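# Residue-level structure breakdown
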Amino acid sequence: LLIVALSFGVYLARLERRSNEEYILAARNFYGVLRVRDDPPVDNVGAVRVLIHGTINHGTQLLGPGGGRIPTSYFGETSGISRAIRSKGERGPIRIGILGLGAGVTATLARAGDMLHYYEINPLVFQIAQTKFDFWKDCPADKHLYFGDGRLTLEGMPESENLDFLAMDAFTSDAVPMHLLTREAYATYARHMKPDGILAVNISNRYLDLEPIMAQAAQEMGWTGVVVYDEGNSEPYYVSNTWVLLSKSPAVFAHPNFQDGSTSALQARKGFRTWTDDYSNIIQILR
């Protein structure tokens, strides 16, 4: 049995070494394994660099000139997050908060004069975003990163961030941080947002339907919500995505950016119980 176990261990080690040869970087810490891979041109898309956490894509950069300022994947021009940020920024510089850095693709949506604050739990993510991707360094906004759990970081701030826009991009994997979607969490977000601010949540997830959680929270808080579905076909480096946008002010969704057929009203599901720090039920949101 010992010989069999040792042989199997050697076999697994060889598989891991062979797998890592496909990546330009593989690193592990408490939060798991992060890998960076360069993919050659395919069809109409040039070479790209990809950040992988487990099996989930956490950011893609085009490797051609200016790739650090070109949004990709979930964050294209027709995505909910891009529409919302552009609508808020029409009158001048805005204050943006993002829970979850990834490769830093969301930094492409911030401009010179904007304030951009990230809240990221994994220090290794920031190290890789700084050294292997160009999004962070090429972003001209006044940017800052806070290390730690996003909700706890915001809870610990004595003064409001006074955000025009707050996004959560932490729910695309199979390990969803549910504590970011509870009644108590929303109260924290509300404290850090302007009265007409927009809270955006990327609910693109192959395993879970997060929409009823958001709808119930909006109903309980008296906020207005919309769902923006984007097929992601306007550029070959976009992917389909779904964003839920919430605001205390219904007037923000009268903007032309939310008037086409891709935007629909967020509807609460009858009988769905509000998630709190003491109650959640992942079974009822399985796809």
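The sections below set out a description of the structure shown in this document.

For the rest of this paragraph, the subject is the overall build of the protein. Secondary structure summary: the protein contains seven helices and 12 strands in total. Taken over C-alpha atoms, the radius of gyration comes to 20 Å for the protein, in line with the 19 Å a tight globule of 287 residues would show. For the protein, the C-alpha atoms occupy an extent of roughly 65 × 45 × 40 Å along the three principal directions. Burial analysis of the protein (287 residues in total) assigns 51% to the buried set. Of all intrachain contacts in the protein linking residues separated by at least 6 positions in sequence, the fraction that spans at least 24 positions is 66%. As displayed, the protein has an accessible area near 13800 Å², and 53% of this comes from carbon and sulfur atoms. Considering the protein, the positive charge centre built from 27 side chains and the negative charge centre built from 31 side chains are found 2 Å apart.

For helix α3 (residues 123-132), the full list of buried residues reads Leu124, Val125, Phe126, Ile128 and Ala129. For α3, the elements touching its buried residues are β1 (25-29), β2 (32-39), β3 (48-53), β6 (115-120), α4 (135-138) and β7 (142-147).

Turning our attention to the sheet that holds β6. Sheet architecture is open: eight strands sit in the order β7-β6-β5-β8-β9-β11-β10-β12, paired in mixed fashion. Two strands in the sheet have a free side with no partner beyond their single neighbour: β7 and β12 (263-265). Adjacent strand axes in the sheet meet at a mean angle of 20 degrees when their direction is disregarded. Relative to the sheet, helix α6 (residues 183-191) contacts β5 (95-99), β8 (163-168) and β9 (193-202), its axis offset from that of β9 by approximately 130 degrees. Against the sheet, helix α7 (residues 211-221) makes contact with β9, β10 (224-230) and β11 (241-247), and its axis sits at roughly 10 degrees relative to β11, the strand it touches most.

In this section: the sheet that holds β3. One open sheet holds the four strands; their spatial order is β1-β2-β3-β4, and the pairing between them is antiparallel. Each having just a single partner strand, β1 and β4 (56-62) make up the two edges of the open sheet. Ignoring strand direction, the axes of neighbouring strands in this sheet form an average angle of 15 degrees. As paired elements, β2 and β3 share six bridges and run antiparallel to each other. Its bridge partner lying in β3, Arg35 is registered against Ile52. The strands touched by α3 within the sheet are β1, β2 and β3, with β1 carrying the most contacts at an inclination of about 160 degrees.

What counts, and where the lines are drawn
- Per-chain numbering applies: the sequence of each chain, read as written, is numbered from 1 onward.
- Per-residue local features of the predicted model are confined to residues with pLDDT of at least 70, and side-chain atom pairs are confined, for both listing and counting, to 80 or more; whole-chain, interface and lining totals are unaffected and use all residues.
- Only hydrogens and water are removed before side-chain values are computed, so all heavy atoms of the structure are retained for them.
- In this description a helix means any DSSP run of H or I spanning at least four residues, a strand means any run of E spanning at least two, and both kinds are numbered starting from the N terminus.
- Our radius of gyration looks at C-alpha atoms and nothing else; its globule reference is 2.2 Å times the residue count to the power 0.38.
- To sort residues, take the accessible area from a 1.4 Å probe on protein chains only and compare it with the maximum for the residue type: under 20% means buried, over 50% means exposed, and anything in between is partly exposed.
- What makes two residues a contact is simply this: any of their non-hydrogen atoms within 4.5 Å.
- Here the open area of atoms and residues is found with the Shrake-Rupley method and a 1.4 Å probe, where only the protein chains shown may cover a residue.
- When charges are counted, Lys and Arg are positive and Asp and Glu negative, with His and the chain ends excluded.
- By convention, the point assigned to a charge is CZ for Arg, NZ for Lys, CD for Glu and CG for Asp.
- DSSP bridges decide pairing: two strands pair if at least two such bridges lie between them.
- All axes here are fitted lines through C-alpha atoms, helices being fitted over the stretch that makes contact, and every angle between N-to-C directions spans 0 to 180 degrees.

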